[in-house]
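What follows is each chain in one-letter form.
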Number of protein chains: 2
Amino acid sequence: LKIGILGGGQLARMMILAGASLGIEFRVYDPDRSATAFGLAPGWVGDFDDIETLSVWAEGLDAVTTETELVPASTLAALMNRVEVRPGPHMQLVCQDRLEEKAACERLGIPVAPWRLVSSARQLEAARQRLGGELIVKARTGGYDGRGQVRVGRRGSVAQAWEALGSRAAIAEAVVGFEREVSIIGVRDSAGRILTYPVIENLHTDGILRRSIAPAPSVGVIRAQAEDIIRALMEDLGTVGVLTVEMFEVDGRLLVNELAPRVHNSGHWTLQASETSQFENHIRAVAGLPLGSTVGEGAALMWNLIGDLPDPRSVLSVPGASMHDYAKTPRPGRKVGHVTVTAACPERLRERVAAAADTGIFPAWLLDGLAAPAPAP
Amino acid sequence: LKIGILGGGQLARMMILAGASLGIEFRVYDPDRSATAFGLAPGWVGDFDDIETLSVWAEGLDAVTTETELVPASTLAALMNRVEVRPGPHMQLVCQDRLEEKAACERLGIPVAPWRLVSSARQLEAARQRLGGELIVKARTGGYDGRGQVRVGRRGSVAQAWEALGSRAAIAEAVVGFEREVSIIGVRDSAGRILTYPVIENLHTDGILRRSIAPAPSVGVIRAQAEDIIRALMEDLGTVGVLTVEMFEVDGRLLVNELAPRVHNSGHWTLQASETSQFENHIRAVAGLPLGSTVGEGAALMWNLIGDLPDPRSVLSVPGASMHDYAKTPRPGRKVGHVTVTAACPERLRERVAAAADTGIFPAWLLDGLAAPAPAP
């Protein structure tokens, strides 16, 4: 079986590593000739809208998948005549366009933060009046990892914000005072069977994911909500493969923030702590194979290595720690790897992280949000 | 970090898949241009004694390891001047030569079956007299997967056996009536730290491994013996990386049968059921990184797919089952993949295998040796 991946970053790398055990061959396509996944599979360089090159690339492939929202839905539509494309263009389109995302959620009765579509500074001002307070304005399309977003305070300049955003059609959202950010990852196979992973608690700064805890602590009231939300979305979108839903928790209620039609940074811990990782399950779904169990045991903490890598000899000396190096050139702000620490329970996880923070191997901020230590006897 | 692997079969494939997550790049060398590991890393074609080509191949590598005993120790010795070689030539030499193996064991006080070195049909006849009964005669060097071995009964023709073996120097061993075959896999890092995996119970037919159960059932009395044996051997041989010891259990006592200076077929289940697989730990040791935990939970059954592959849709539909496809051309007698089934305990493992055998997905012979079902309530 041969699968093509549009995009050659670390997500493609981890899909290839998962699929290779199943005897699947891969072919990668990326605009950047130094794409890291080219180290593990034959790589083609080209733009994501170069249908001519892509058509040749897709010859002999059994299926095509993507690792990035940067691939236009129209490209996926063009490839559909030649090969199975998962996710399909419809799902890609919805997840690329914040207006479509909001519309899909509202149609399915899934809560989102109050919002307005704005196409001018004047409309933005009107939205601020209507939504009553601080706004976050997000370009309708093309934004990710915090790009294409701008905040406008109660008294901030609307004109300035509009210009900063590039005067593009945008969604103005009321800034909600959330308790925390969470995500849920689900996978659906071509027969419509759905499995979900546990709810994950995430921390972002500057729009970039910093760390994830799985399962999210104190998940009681939101677990069923998160599962209902992702199931409704996967069925509605006809997902084949992985879908990720990022949400805010506000007073015990979940508001959907963003959809990603793919494996997700907040699910990297599934490599260590789930019977079947998000990467293997995505590839199984794309290949038409049965899904593997998403059950896991214990607790996991994952954080991104941004800019450069620590010494692997230190990190790997910590019990339960594994380190992924994406084989990318270090650069400020770039995700170059991640660390996962697993343990049999949340308390033990905190102990492990605390011990490594004490000796300076791990940063101390990782302890925020981990289960408090048991009281001394 | 760049590591070269001598040999490009499934063991090299699985090492590459384990090491890629650590950001390690690989370069493979194999005499066969269709070697399966060439699909995952740049491959060079050449003979294992072509030192000139190998010297160019090794340029820029940080370390070299092997996946096969077919690499001459002299090749490893020649490469040592240029690059770190793990395992080193001494360990390779001992494991390639049954005489050296026996000598190492006897020097360390490790039990082996009664044996004699024979260099002629006449000596073979003398050995039969002395060892008193049925013999298995194994070429001193060059045999694996059952090749280079011949059995001689109490009254069989010694001359015929000697000719069948190719009139080569050989070890004549008394055939011992063993209860079962077991193996143990250990790993030692460059600082001398040793970790071992649980004892494994194996079944061979025609000299080829058919299935492994881990941990071996009723392992009580032999566990400490197996650990003592492998620790003594790793320390004596100065192992850096994985060493595998295959043994016979006879009346609660272990006799060493064979050493393999590498990751081993009987340890494939560590991919699913150990915190760190044998492949990752081998690569960590070769790369000078700290070892990962060899702790595991539950029980695992692994069997080889020989000749051709079953339908992955059937195999993967079984709870706890994973299937590895080595991406090799099917051929009678060839190992083309393996299946691992894991479960929380031996009883549950048997239930899973029995259910899949009932529906014809798994062969029924797999049930032999698995824990008997609990009595009905």
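The structure presented is a predicted model; accordingly, all values stated were derived computationally and were not measured.

(A) Fine view of the environment of B:Ala78. Positionally, B:Ala78 belongs in helix α3 (residues 73–79). For the pair B:Ala78 and B:Arg98, spaced 20 residues apart in sequence, the C-alpha to C-alpha distance is 23 Å.

(B) Here's a closer look at unusual backbone geometry. For the bond from A:Arg86 to A:Pro87, the omega torsion is 5°, close enough to zero to count as cis. Here A:Pro87 lies in the loop between β5 (84–85) and α4 (89–96). Geometrically, the link from A:Ala214 to A:Pro215 is a cis peptide bond, its omega value of -10° lying close to zero. In this structure, A:Pro215 sits in the loop between β13 (208–214) and α8 (220–237). Although it is not a glycine, B:Ser167 adopts a positive phi angle of roughly 50°. Within the fold, B:Ser167 resides in the loop between α7 (158–164) and β9 (170–174). The phi torsion at B:Asp251 lies on the positive side, around 50°, for a residue other than glycine. By the element assignment, B:Asp251 lies in the loop between β14 (241–250) and β15 (253–260). Taking the relative accessible area as the measure of exposure, B:Asp251 reaches 69% and is therefore exposed.

(C) Region of the structure containing the relation of the copies chain A and chain B. The two copies are related by a screw operation: chain A maps onto chain B through 180° of rotation and 0.0 Å of translation along the axis, at an RMSD of 0.0 Å. What the rotation and shift describe, once combined, is the action of a two-fold rotation axis. Most of the interface of chain A is mirrored in chain B, where 100% of its interface residues again form contacts.

(D) Expanded view of the interface of chain A and chain B. Every contact between the two is made by 22 residues of chain A and, on the other side, 22 residues of chain B. Both faces combined, the contact of chain A with chain B buries some 2000 Å², and carbon together with sulfur accounts for 57% of it. Looking at the side of chain A facing chain B, the largest losses of area belong to A:Leu17, A:Ser21 and A:Leu316, adding up to 24% of the total buried there. Between the two partners, chain A and chain B, sit 0 salt bridges. Run the count over chain A and chain B and you get 4 residue pairs in polar contact (both at pLDDT 80 or more). The element best represented in the side of chain A that touches chain B is strand β17 (residues 321–325) of chain A, accounting for 4 residues. Taken together, the residues of the side of chain A that touches chain B break down into 11 nonpolar, 6 polar and 5 charged.

(E) Representation of the side chain of B:Lys328 within the structure. Residues and elements named next belong to chain B. By the element assignment, lysine 328 lies in the loop between β17 (321–325) and β18 (335–343). One buried charged residue, lysine 328, remains without a salt bridge, the closest side chain of opposite sign being glutamate 67 at 8.0 Å. Here lysine 335 takes part through its backbone oxygen, which lies 2.9 Å from a polar atom of the side chain of lysine 328. With sequence-adjacent residues up to four places away left out, lysine 328 is seen in contact with Gln10, Thr36, Arg334, Lys335 and Val336.

(F) A look at the packing of helix α4 (residues 89–96) of chain B against helix α5 (residues 98–107) of chain B. Residues and elements named next belong to chain B. Remark: α4 packs on α5, axes separated minimally by 5 Å, with the N-to-C direction vectors making an angle of 105°. Classed by the angle they form, the pair α4 and α5 counts as roughly perpendicular. When α4 is examined against α5, the residues Leu93, Val94, Cys95 and Gln96 are found in contact with a partner set consisting of Arg98, Glu100, Glu101 and Ala104. Residue classes in the contact of α4 with α5 are distributed as 4 nonpolar, 1 polar and 3 charged.

(G) Geometry of helix α12 (residues 346–358) of chain A. Residue and element names in this part refer to chain A. Relative to the 18 Å expected for 13 residues at 1.5 Å per residue, α12 spans 18 Å between its end C-alpha atoms, a close match to the ideal helical length. Three or more residues of α12 are buried, namely Leu349, Arg350, Arg352, Val353, Ala356 and Ala357. All buried residues of α12 fall inside an arc of 160° around its axis, so they share one side. Two residues or fewer past α12, glycine 360 is found with a positive phi of approximately 80°.

(H) Focus on α4(B). Residue and element names in this part refer to chain B. Burial of α4 is extensive: 6 of the 8 residues sit out of reach of the surface. For α4, the full list of buried residues reads Pro89, Met91, Gln92, Val94, Cys95 and Gln96. If you follow the buried residues of α4, they end up packed against β4 (63–66), α3, α5, α8 (220–237), β14 and β15.

(I) Here's a closer look at the sheet that holds strand β1 (residues 2–6) of chain A. Residues and elements named next belong to chain A. Here 5 strands make up an open sheet; going across it, the order is β3-β2-β1-β4-β5 and the pairing parallel. Since the sheet does not close on itself, it has two edges, and those belong to β3 (43–45) and β5, each with one partner. Two elements, β1 and strand β4 (residues 63–66), share 4 bridges in a ladder whose sense is parallel. Paired with glycine 4 across the bridge in β4 is valine 64. In the packing of helix α10 (residues 278–286) onto the sheet, the strands contacted are β1, β2 (25–30) and β4, and the crossing angle to β4 comes to about 145°.

(J) Representation of the sheet that holds strand β8 (residues 149–152) of chain A. Residue and element names in this part refer to chain A. The 4 strands lie next to each other as β6-β9-β7-β8, forming an open sheet whose pairing is antiparallel. What marks the edges here is a single partner per strand, and that holds for β6 (115–118) and β8. Sheet twist, expressed as the mean angle between neighbouring strand axes with direction ignored, is 25°. Where strand β7 (residues 135–139) and β8 come together, 4 bridges link them in antiparallel fashion. In the strand pairing of β8, leucine 135 is matched with valine 152. Against the sheet, helix α6 (residues 121–131) touches β6, β7, β8 and β9 (170–174), its axis set at about 170° to β6.

(K) Structural view of the packing of aromatic side chains. All names here are of chain A. Throughout the structure, instances matching the rule amount to 8 aromatic pairs over all chains. A centroid spacing of 4.7 Å and a plane angle of 70° characterise the contact between tryptophan 303 and phenylalanine 362, whose relative ring orientation is edge-to-face. Of this pair, tryptophan 303 sits in strand β16 (residues 299–306) while phenylalanine 362 is found in the segment after α12, placing the two residues 59 residues apart along the sequence. Exposure remark for phenylalanine 362: the relative accessible area of 3% places this residue in the buried category. The rings of Tyr29, Phe48 and Trp57 are connected pair by pair, giving a single aromatic cluster.

(L) Spatial organisation of the nonpolar core. Ranked by internal contacts, the top residues of the largest apolar core, which has 128 residues, are A:Val353, A:Phe362, B:Val353 and B:Phe362. Residue contacts for A:Phe362: discarding those within four places in its chain leaves A:Trp303, A:Val315, A:Val318, A:Ala321, A:Val341, A:Val353, A:Ala356 and A:Ala357.

(M) A look at the environment of A:Thr36. Residue and element names in this part refer to chain A. Counting through the fold element by element, threonine 36 comes out in the loop between β2 and β3. Here the alpha-carbon distance between threonine 36 and alanine 327, two residues 291 residues apart in the chain, equals 6.3 Å. Residue contacts for threonine 36: discarding those within four places in its chain leaves Gly8, Gly9, Gln10, Arg13, Tyr326, Ala327 and Lys328. A distance of 2.5 Å separates a polar side-chain atom of threonine 36 from the backbone oxygen of tyrosine 326.

(N) Up close: the pattern of salt bridges. In total, this model carries 30 salt bridges over all chains according to the counting rule given. One salt bridge connects A:Glu201 with A:Arg211, and the closest N-O pair in it is separated by 3.5 Å. With A:Glu201 in strand β12 (residues 200–205) and A:Arg211 in strand β13, this pair connects stretches of sequence that are 10 residues apart. The salt bridge involving B:Glu69 is made with B:Arg262; its shortest N-O contact spans 2.8 Å. Taken together, the residues span a long stretch of sequence, with B:Glu69 in the loop between β4 and α3 and B:Arg262 in the loop between β15 and α9 (270–273) at a distance of 193 residues. B:Arg262 matches B:Glu69 in its accessibility class, with the two residues each being buried. Via salt bridges that share partners, A:Arg180, A:Glu201, A:Arg211 and A:Glu249 belong to a single interconnected network.

How each quantity is defined
Residues numbered from 1 in each chain as written. Chains lettered and ligands numbered in written order. Predicted model: local features only at pLDDT ≥ 70, side-chain atom pairs only at ≥ 80, totals over all residues. Heavy atoms only, no water. Helix = DSSP H or I, 4+ residues; strand = E, 2+ residues; numbered from the N terminus. Buried < 20%, exposed > 50% of the residue type's maximum accessible area, 1.4 Å probe, protein only. Least-squares fit on C-alpha atoms with pLDDT ≥ 70 in both. Contact = heavy atoms within 4.5 Å. Buried area = accessible area lost by both parts, 1.4 Å probe. Salt bridge = Lys/Arg side-chain N within 4 Å of Asp/Glu carboxyl O. Polar contact = N/O pair within 3.5 Å; in protein donor to acceptor, adjacent residues only side chain to side chain. Nonpolar A, V, L, I, M, F, W, Y, C, P; charged D, E, K, R; others polar. Lys, Arg positive; Asp, Glu negative; His and termini not counted. Axes fitted to C-alpha atoms, helices over the stretch in contact; angles between N-to-C directions. Parallel < 35°, antiparallel > 145°, perpendicular 65-115°, else oblique. Expected span 1.5 Å × (residues − 1). Arc of directions from axis to C-beta. Pairing = 2+ DSSP bridges. Phe/Tyr/Trp six-rings, centres within 6.5 Å; stacked < 30°, edge-to-face > 60°. Core = buried A, V, L, I, M, F, W, Y, C linked by side-chain atoms within 4.5 Å.

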